[in-house]
Amino acid sequence: MMMITKEEILNLIQIARNSLVYSYCPYSHFPVACALLCHDDTIYTGCNVENAAYFGSICAERTAIVKAVSSGHRKFRAIAITSNLMNDICAPCGNCRQFMVEFGKDLIVILANHNNDEYKQYTINDLLPHSFGPENLTDYYKLIAKSSSS
Ligand SMILES: [Zn+2]
């Protein structure tokens, strides 16, 4: 069971809110941003980055995770996600839920709206129960994955 303090949560939410300005969303006009807290307390931010070829767009959550993993981090404690919705939270899409569960089912997911300190707190396992993850792959595929990473 991953632990997080209220102070850490509010800090993450504020960092996520501060990153909304970087969102590149000329097509949806729906900015989303997040802050990802690593085990060593490093924080990576992310925003959605859309593309004229719509399918090339990437969500804020995957942006932050890709930044973290490509910088050497694979263990995460929490992610706070926000949008410019004043009175509603923004939940991660299915693709991002799958991306998050890859790195641990106990990741804390904080969903915050834009204008106050109310938020909802889940684990990724709450949001994607009965998920398919690395533990489901056979030893054969684990062996392949091992030899092709590093
Ligand atoms: Zn997404």
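Procedures and definitions
- Residues numbered from 1 in each chain as written.
- Predicted model: local features only at pLDDT ≥ 70, side-chain atom pairs only at ≥ 80, totals over all residues.
- Heavy atoms only, no water.
- Pairing = 2+ DSSP bridges.
- Helix = DSSP H or I, 4+ residues; strand = E, 2+ residues; numbered from the N terminus.
- Axes fitted to C-alpha atoms, helices over the stretch in contact; angles between N-to-C directions.
- Contact = heavy atoms within 4.5 Å.
- Salt bridge = Lys/Arg side-chain N within 4 Å of Asp/Glu carboxyl O.
- Buried < 20%, exposed > 50% of the residue type's maximum accessible area, 1.4 Å probe, protein only.
- Arc of directions from axis to C-beta.

What is the right way to look at the sheet that holds strand β1 (residues 32-38) in this model?
By way of backbone hydrogen bonds, the strands of a sheet pair with one another, either parallel or antiparallel. On the basis of which strands lie adjacent, the open sheet formed by 5 strands has the order β2-β1-β3-β4-β5 and mixed pairing. Lying at the two open borders of the sheet, with one neighbouring strand each, are β2 (43-47) and β5 (119-123). For this sheet, the mean angle separating the axes of adjacent strands, direction not counted, is 15°. Two strands pair when backbone bridges link them, and strand β3 (residues 76-83) and strand β4 (residues 108-112) are joined in this way by 5 bridges, in the parallel orientation. Among the inter-strand pairings, T82 is bridged to a residue of β4, identified as A112. In the packing of helix α1 (residues 6-19) onto the sheet, the strands contacted are β1, β2, β3, β4 and β5, and the crossing angle to β1 comes to about 140°.

What am I meant to see in the pattern of salt bridges here?
Opposite charge on two side chains permits pairing when their charged atoms draw close. Applying the stated criterion across every chain yields a total of 3 salt bridges. Residues R77 and D41 are paired through a salt bridge, measuring 3.1 Å at the closest nitrogen-oxygen approach. With a gap of 36 residues between them, R77 in strand β3 and D41 in the loop between β1 and β2 connect regions that are remote in the sequence. Overall, R77 belongs to the buried group, its relative accessible area being 13%. Here E135 and K105 are joined by a salt bridge, their closest N and O atoms 3.1 Å apart. In this pair, E135 is assigned in the loop between α4 (124-127) and α5 (139-148) and K105 in the loop between α3 (94-101) and β4, connecting sequence segments 30 residues apart. By relative accessible area, K105 is classed as partly exposed at 35%. Via salt bridges that share partners, E8, D41 and R77 belong to a single interconnected network.

Teacher, can you tell me more about α3 here?
Helical periodicity: at 3.6 residues per turn, an α-helix aligns residues three or four positions apart in one direction. Within the sequence span of α3, burial applies to C96, R97, M100 and V101. The arc that holds every buried residue of α3, seen down its axis, measures 135°, which confines them to one face. Those residues of α3 that are buried are in contact with α2 (60-69), β3, β4 and α4.

For this particular structure, what's the right way to read unusual backbone geometry?
Peptide bonds are, in most cases, trans, and in most cases residues other than glycine have a negative phi. Phi is positive for H29, which is not a glycine, with a value near 55°. When its relative accessible area of 60% is taken as the criterion, H29 is described as exposed.

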